[in-house]
Number of protein chains: 2
Amino acid sequence: MDFTLTPRQQQILDFVRRHIAKQGIPPTRAEITTAFGFRSVTAAEDHLRALARKGVIELLPGASRGIRLTGDEDAAANDGDSLPLVGRVAAGNPILAQESVESWYKIDRKLFHPQPDFLLRVQGWSMRDAGILPGDLLAVKRVPTAQNGEIVVARMGEDVTVKRFERRGDIVRLLPANPDFAPIRIDLAQQDLVIEGRAVGLLRTGGFAGPSPAPLHADMSSAA
Amino acid sequence: MDFTLTPRQQQILDFVRRHIAKQGIPPTRAEITTAFGFRSVTAAEDHLRALARKGVIELLPGASRGIRLTGDEDAAANDGDSLPLVGRVAAGNPILAQESVESWYKIDRKLFHPQPDFLLRVQGWSMRDAGILPGDLLAVKRVPTAQNGEIVVARMGEDVTVKRFERRGDIVRLLPANPDFAPIRIDLAQQDLVIEGRAVGLLRTGGFAGPSPAPLHADMSSAA
DNA sequence: TGGACGACTGTCAATACATGCAGCTGTCCG
DNA sequence: CGGACAGCTGCATGTATTGACAGTCGTCCA
């Protein structure tokens with residue numbers, strides 16, 4: 001199931017979620033329409049259809065407020081109340097192997113959609129412009145394949161990296177979100193690439209240190 | 001509040017509960033009617049009224065499926081391992097006022113240092129370069145004052161904003177982390193500025209949408 | 001013995017809602 | 001360039017749903 005939403009669709013989905021959480025019932029098209037300032041209910045209808053097409057919600061035909069969130073599966077056997085932090089990943093080992101689990105974080109994984117399977121500590125600034133900074137904990141859902149544009153956790157041999165995925169035929173490019181880094185190019189005919197999962201969320205516990213995000217490379221901001 | 005229900009009323013309530021749990025939305029009068037084999041929707045209506053009168057449910061007038069369970073789920077709240085999400089903040093109101101709490105997120109607040117008091121949904125791209133994107137939930141600790149360089153939640157009248165704090169004498173500057181936005185300059189001798197708290201962490205549940213973080217302004221560098 | 005109340009039946013009007021059709025403006029991509 | 005698609009406006013139709021009115025029957029209770 002492809003969960004890649006446009007920003008607008010994400011907003012709509014968030015609104016539906018919040019409405020359900022707060023009102024106890026899903027919103028009507030009209031309620032979405034006024035909440036977003038649309039002038040036509042069709043705008044809301046279209047968005048709902050798109051969300052339904054992408055599988056994140058289900059529409060019950062004919063029923064008023066017939067919007068159902070597809071809670072979506074869960075995976076690794078767990079209390080559902082905490083997530084493992086995956087540390088150093090040994091070559092060859094499955095990423096969720098016992099040995100590589102560093103600790104457990106008490107976070108309700110149902111907060112994320114879809115639900116993640118583990119956390120990974122981000123290293124380096126290569127995804128800076130996607131709001132992913134070093135030290136952040138990336139919530140990752142295990143998936144074997146990726147869609148173009150998704151942010152994935154990929155493994156090449158011993159190296160585990162977080163990048164935006166782009167595939168054209170046999171050529172995969174792992175794109176950083178930072179102009180100071182170069183894309184990684186992989187020819188699947190010649191090299192292996194393992195998709196370990198897809199980024200579905202992020203947790204930053206360390207606060208926001210220095211006056212500027214202390215770039216390791218390059219200037220921030222100025223860019224201009 | 002009198003919670004003593006007749007057996008029949010208990011059945012109705014159970015049905016409503018099950019319907020919500022299973023379908024995701026509350027039932028209509030008609031659905032209750034057919035489920036119980038009534039021949040008149042008024043039977044269902046009467047039962048709902050009785051349940052509302054006894055306080056176990058709440059009826060939203062005019063809204064279809066406007067049945068809300070008042071089953072004190074909020075008990076799960078302030079146990080120290082969940083955080084309130086603060087929504088729209090009305091002028092003058094304390095930011096943690098009951099009305100502005102949109103929902104509770106099950107996150108162990110001890111994950112953060114220092115421990116936050118609430119979550120705030122981020123709007124706009126002004127803190128992009130600090131890795132704070134729209135839709136993110138900012139974990140905030142209530143503090144009345146700030147140190148230079150800290151990222152704070154500040155309020156000026158009705159506007160609540162997240163910015164980096166910098167003070168020189170009576171002049172406070174609220175610095176965005178995005179060259180497309182201008183700093184806000186406040187002369188404390190002339191204007192009020194309320195520090196609502198300090199950002200101590202961040203939670204992103206919405207995933208990572210578009211191929212690029214969909215800038216509202218300006219280029220996101222990568223574009224190319 | 002006359003309420004007050006629970007548990008219904010039956011009917012109806014006024015909205016609340018879902019959903020279809022037609023058409024517009026962009027952007028991305030082959 | 002043209003097509004596919006995201007995001008919209010505007011209008012229209014029919015059904016879903018709420019909520020009010022008017023009764024019936026039985027039980028418990030002062």
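Where an unreviewed UniProt entry is consulted, chain A appears under the name LexA repressor, with the organism given as Sinimarinibacterium flocculans. The record held by UniProt for chain A lists under Catalytic activity (unreviewed entry) the comment "Hydrolysis of Ala-|-Gly bond in repressor LexA." Looking at chain A in UniProt, the text filed under Subunit (unreviewed entry) is "Homodimer."

With that settled, the discussion passes to the environment of B:Gln147. Inspection of the secondary structure puts B:Gln147 in the loop between strand E6 (137-141) and strand E7 (151-156). Residues B:Gln147 and B:Arg164, 17 residues apart in the sequence, show an inter-C-alpha distance of 9.6 Å.

Turning to the protein's contact with DNA strand C, a few remarks are in order. Close to DNA strand C lie 25 residues, the nearest being A:Arg49, A:Gly62, A:Arg65, B:Arg8 and B:Thr42. Looking at DNA strand C alone, sugar and phosphate atoms form 69% of those within 4 Å of the protein. Between DNA strand C and B:Gln9, the relevant distance is 3.4 Å, taken from a phosphate oxygen to a side-chain nitrogen or oxygen of the residue. Contact between DNA strand C and B:Thr42: a base oxygen at 2.5 Å from a side-chain N or O atom of the residue. Listed by contribution, the elements that provide at least two residues to the surface near DNA strand C are helix H3 (41-53) of chain A together with helix H1 (7-23) and helix H3 (41-53) of chain B. Its residues assigned to classes, the surface near DNA strand C comprises 6 nonpolar, 12 polar and 7 charged.

Before going further, it helps to spend a moment on the pattern of salt bridges. Pairing between side chains of opposite charge can happen when their charged atoms approach one another. Residues and elements named next belong to chain A. Tallied over the full model, the rule gives 25 salt bridges over all chains. When the shortest N-O distance is used, the salt bridge between Glu196 and Arg142 registers 2.7 Å. Of the two residues, Glu196 is situated in strand E11 (residues 194-204) and Arg142 in the loop between strand E6 (137-141) and strand E7 (151-156); the sequence distance between them amounts to 54 residues. According to the relative accessible area criterion, Arg142 is partly exposed, its value standing at 32%. Within this structure, Arg29, Glu45 and Arg49 form a network of salt bridges that share partners.

What counts and how
Residues numbered from 1 in each chain as written. Chains lettered and ligands numbered in written order. Predicted model: local features only at pLDDT ≥ 70, side-chain atom pairs only at ≥ 80, totals over all residues. Heavy atoms only, no water. UniProt positions renumbered as here; feature names shortened; annotations may be inferred. Helix = DSSP H or I, 4+ residues; strand = E, 2+ residues; numbered from the N terminus. Near = heavy atom within 4 Å. Polar contact = N/O pair within 3.5 Å; in protein donor to acceptor, adjacent residues only side chain to side chain. Nonpolar A, V, L, I, M, F, W, Y, C, P; charged D, E, K, R; others polar. Salt bridge = Lys/Arg side-chain N within 4 Å of Asp/Glu carboxyl O. Buried < 20%, exposed > 50% of the residue type's maximum accessible area, 1.4 Å probe, protein only.

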